[in-house]
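Next come the chains, spelled out residue by residue.
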Amino acid sequence: MSKPSLARGTRDFGPEQMAKRTFIFDTIRRSFQRYGFLPLETPAFENLSVLMGKYGDEGDQLLFKLLNSGDFSGKLTDSDWHEGYKPLTSKISEKGLRYDLTVPFARYVVMNRGTLVMPFKRYQIQPVWRADRPQKGRYREFYQCDADVVGTDSLLCEAEIVLLLHEILPALGINDFTVKINNRKILTGIADMIGAHGMEGPLCVAIDKLDKIGKEKVVEELLERGFSNESLTQLGPVFTLSDGAEPFTALKNWLGSSEIAMKGIQELEEVWDLVTTLGLENPKIQFDVTLARGLSYYTGAIFEVKANNVQIGSISGGGRYDNLTGTFGVPGISGVGISLGVDRIYDVMEELNLFPENQKTATKVMISNFDQQAFRLGLSVLPKLRAAGINAEIYPDSVKLKKQLDYADRKNIPFVILIGSDEMETGQLTLKNMKTGEQQKLNAEEITALLAENNI
RNA sequence: GAGGUUGUAGCUCAGUCGGUUAGAGCGCUAGAUUGUGGUUCUAGAGGUCGCGGGUUCGAGACCCGUCUCCCUCCCCA
């Protein structure tokens, strides 16, 4: 016999954690629905042919692969063992746990394109798995809450995502946040502009760290990655651009000759305009030229949300992908979406103490169990309480009252109904308020009415 | 995947230079008015010192391996 333990990077969620998590899920789901998104669930695991190659080499490595069932090694030859683990993996594993919700969604869209009402708006709240190394705010199993729109290029979708975030986060109590926005086309334009066509990948990996390690280190890293001194000189504006009040003007001056960059800027300007038109006051949006996530499939807008003054990574990310379904043989369907990380949001709220006190899921009243006769009477009262919508339970064993009250106290049950010989005779039950300690004699109907209206 | 760090009771942690029977606080269980929780008092239970190997007369402590936690990098929610 061995001591039980949790698999690395996973967690249990006890009752009090679940109350908090449910609050987050409910809040997010309500907002998604308000914006017209429809629910979808997809399987926990998919064929590896669906998942592989969608997240870059790094992502492929972080995929949890499921060993084939049965005799997975029976047909292996000696040479299979010597060819390294990658070719071997494809011979012994053909399924994997989903890595995010976007790719399974794209698969769903392709498989159901004939029946879906386009543009199709779906939300999806499910766990995903990554074989990453755990850290603070980073787990190997975590939930994502995704909302995506496919089948339209309209920048209204981007603007609505901004609105959606401004609705959800304050509803959770998170008021100090920043929605960072960039556009892949601008990054492509910059790479072209400095004579490093097609190299926005390595370029972005480096400049993404600007606020973390500073300009000098970034320049150093770019040189290591093979960028010329000439390129770096032309890159100058990047380092001063991000905090300007009028970023787009400066950007246009710099990138005016790049057609694709201008397209990206134009898109961003329209998003800004739509956000204003939709009536959002004090939008917490910020253009950030160094934002460069999800480069393996984003083609337009890139989003990232950061809760300010908390030491936790981004709580949400997303963007526009023009050709995700293209990898499944159906090109030309553009999509844009956002993904919220519940586990990180939880950590942020915990750190900022933002969870509301009262849990309406908890028991409101407990009936004591003094002896067999009193228990019988209690059993007749219990269903009346429940029928009135009151969360109620009865103590199952006839043990010392002390122990029963201790139980109620520890479960934070605000009321206890005491039934003993006196109460049996008169029909006047004792209702005890556990917070104040005060007791009053009432009949069952009066108690039910009192607790039902006393809606704490 | 690379580097660093941590692990002792349910929890938070002591444990000296390697030395006899591994401790504290909190929590838990039972009692202190046979119908009353929180406070107090008393008693009790609870440990393969992460796991495996090694050094030693002797290891919680030292060495090696391994797992886990946390951190940095990579990447990401």
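Below, the structure is looked at part by part. Given the structure is predicted, the values throughout are model-derived calculations rather than measurements.

## Observations concerning the overall build of chain A
Link 1 in the chain: Within chain A, the secondary structure is distributed over 19 helices and 16 strands.
Link 2 in the chain: In terms of overall dimensions, chain A is more spread out than a globule: its C-alpha atoms have a radius of gyration of 29 Å, far above the 23 Å expected for 456 residues.
Link 3 in the chain: Within the span of chain A, comprising 456 residues, buried residues form 46% of the whole.
Link 4 in the chain: Of the contacts made within chain A by residues no fewer than 6 positions apart, 68% connect residues no fewer than 24 positions apart.
Link 5 in the chain: Mean positive and mean negative side-chain charge positions of chain A (52 and 60 charges, respectively) differ by 5 Å.

## Describing empty space enclosed by the protein
Link 1 in the chain: This structure, assessed with the given rule, holds three cavities of 30 Å³ or more.
Link 2 in the chain: Taken as a whole, the largest cavity spans an internal volume of roughly 60 Å³.
Link 3 in the chain: As for the largest cavity, its lining consists of Tyr35, Phe37, Ala147, Asp148, Val149, Cys157, Glu160, Ile161, Leu164, Val336 and Gly337.
Link 4 in the chain: Breaking the lining of the largest cavity down by element, the ones donating at least two residues are strand E6 (141-150), helix H7 (156-171) and strand E11 (335-341).

## Some details on helix H1 (residues 15-34)
Link 1 in the chain: Between its first and last C-alpha, H1 extends 28 Å over 20 residues, near the 28 Å set by a 1.5 Å rise per residue.
Link 2 in the chain: Buried residues of H1: Arg21, Ile24, Phe25, Thr27, Ile28, Ser31 and Phe32, and no others. Seen end-on, H1 carries its buried residues on one side only, within an arc spanning 155 degrees. Set apart from the buried face of H1 by more than 90 degrees, the exposed residues are Pro15 and Arg34.
Link 3 in the chain: As for H1, its buried residues are in contact with strand E5 (120-129), E6, H7, E11 and helix H15 (342-352).

## With respect to the packing of helix H9 (residues 200-207) against helix H10 (residues 210-224)
Link 1 in the chain: The interhelical angle for the contact between H9 and H10, taken along N-to-C directions, is 135 degrees, at an axis separation of 8 Å. With respect to H10, the axis of H9 lies oblique. From H9, Pro202, Leu203, Val205, Ala206 and Ile207 reach across to H10, where they touch Leu210, Val218, Glu221 and Leu222.
Link 2 in the chain: Class assignment of the residues belonging to the contact of H9 with H10 gives a composition of eight nonpolar, no polar and one charged.

## Some words on the nonpolar core
A general trend in soluble globular proteins is that nonpolar side chains are found buried together.
Link 1 in the chain: One finds Phe32 and Leu235 to be the most contacted residues of the largest nonpolar core, which totals 72 residues.
Link 2 in the chain: Per element, the largest residue contribution to this core is nine residues, and it comes from H7.
Link 3 in the chain: Leucine 235 has contacts with Ile190, Ile194, Leu203, Ile207, Leu222 and Trp254, leaving out every residue within four places of it along the chain.
Link 4 in the chain: If you look at the next biggest cluster of nonpolar residues, it comprises 27 residues, including Leu62, Leu116, Leu291 and Ile333.

## Thoughts on the packing of H7 against helix H14 (residues 259-277)
Link 1 in the chain: Between H7 and H14, whose axes approach to 8 Å, the crossing angle comes to 55 degrees. Between H7 and H14, the angle is such that the two are oblique. Read as a crossing pair, H7 and H14 show a hand that is right-handed. For the pair H7 and H14, contact is made by Leu156, Glu158, Ala159, Val162 and Leu163 and by Val271, Leu274 and Val275, respectively.
Link 2 in the chain: In terms of residue class, the contact of H7 with H14 is made up of seven nonpolar, no polar and one charged.

## Some details on the side chain of glutamate 221
Link 1 in the chain: Summarising the element assignment, glutamate 221 is placed in helix H10.
Link 2 in the chain: Given the relative accessible area of 14%, glutamate 221 is considered buried.
Link 3 in the chain: Beyond its immediate stretch of four places on either side in the chain, glutamate 221 contacts Val205, Ala206, Lys209 and Ile213.

## A short note on the sheet that holds strand E2 (residues 45-47)
Link 1 in the chain: With antiparallel pairing, the three strands of this open sheet are ordered in space as E2-E4-E3. Sheet topology places E2 and strand E3 (65-66) at the edges, where each strand pairs with a single neighbour.

## Remarks on the sheet that holds strand E9 (residues 301-307)
Link 1 in the chain: Read across the sheet, eight strands follow the order E1-E5-E6-E11-E10-E9-E7-E8 without closing on themselves; strand pairing throughout is mixed. Every interior strand has two partners, whereas the edge strands, strand E1 (38-39) and strand E8 (285-287), have only one.
Link 2 in the chain: Pairing analysis gives four bridges linking E9 to strand E10 (residues 316-321), with the strands arranged antiparallel. Along E10, the bridge assignment pairs glutamate 304 with glycine 317.

## A closer look at the protein's contact with RNA strand B
Link 1 in the chain: Every one of the 43 residues lining RNA strand B counts as a neighbour, but Arg130, Lys136, Lys209, Ser314 and Met434 are closest to it.
Link 2 in the chain: Sugar and phosphate atoms represent 48% of those atoms of RNA strand B found within 4 Å of the protein.
Link 3 in the chain: Contact between RNA strand B and arginine 8: a phosphate oxygen at 3.3 Å from a side-chain N or O atom of the residue.
Link 4 in the chain: Between RNA strand B and the protein, one listed contact pairs a phosphate oxygen with a side-chain N or O atom of lysine 403 at 3.3 Å.
Link 5 in the chain: Of all the secondary structure elements, the ones that give two or more residues to the surface near RNA strand B are E6, E10, helix H17 (401-410) and helix H18 (421-426).
Link 6 in the chain: With seven residues, the top contributor of residues to the surface near RNA strand B is H17.

Analysis parameters
- Residues numbered from 1 in each chain as written.
- Chains lettered and ligands numbered in written order.
- Predicted model: local features only at pLDDT ≥ 70, side-chain atom pairs only at ≥ 80, totals over all residues.
- Heavy atoms only, no water.
- Helix = DSSP H or I, 4+ residues; strand = E, 2+ residues; numbered from the N terminus.
- Rg over C-alpha atoms; globule rule 2.2 N^0.38 Å.
- Buried < 20%, exposed > 50% of the residue type's maximum accessible area, 1.4 Å probe, protein only.
- Contact = heavy atoms within 4.5 Å.
- Lys, Arg positive; Asp, Glu negative; His and termini not counted.
- Charge placed at Lys NZ, Arg CZ, Asp CG, Glu CD.
- 1 Å grid on protein atoms, 1.4 Å probe; cavity = no way out; pocket = protein on both sides within 12 Å on 5 of 7 lines; lining within 4 Å.
- Points joined across faces, edges and corners; volume = space filled by probe spheres on them.
- Expected span 1.5 Å × (residues − 1).
- Arc of directions from axis to C-beta.
- Axes fitted to C-alpha atoms, helices over the stretch in contact; angles between N-to-C directions.
- Parallel < 35°, antiparallel > 145°, perpendicular 65-115°, else oblique.
- Nonpolar A, V, L, I, M, F, W, Y, C, P; charged D, E, K, R; others polar.
- Core = buried A, V, L, I, M, F, W, Y, C linked by side-chain atoms within 4.5 Å.
- Left-handed = near helix turned anticlockwise from the far one by under 90°.
- Pairing = 2+ DSSP bridges.
- Near = heavy atom within 4 Å.
- Polar contact = N/O pair within 3.5 Å; in protein donor to acceptor, adjacent residues only side chain to side chain.

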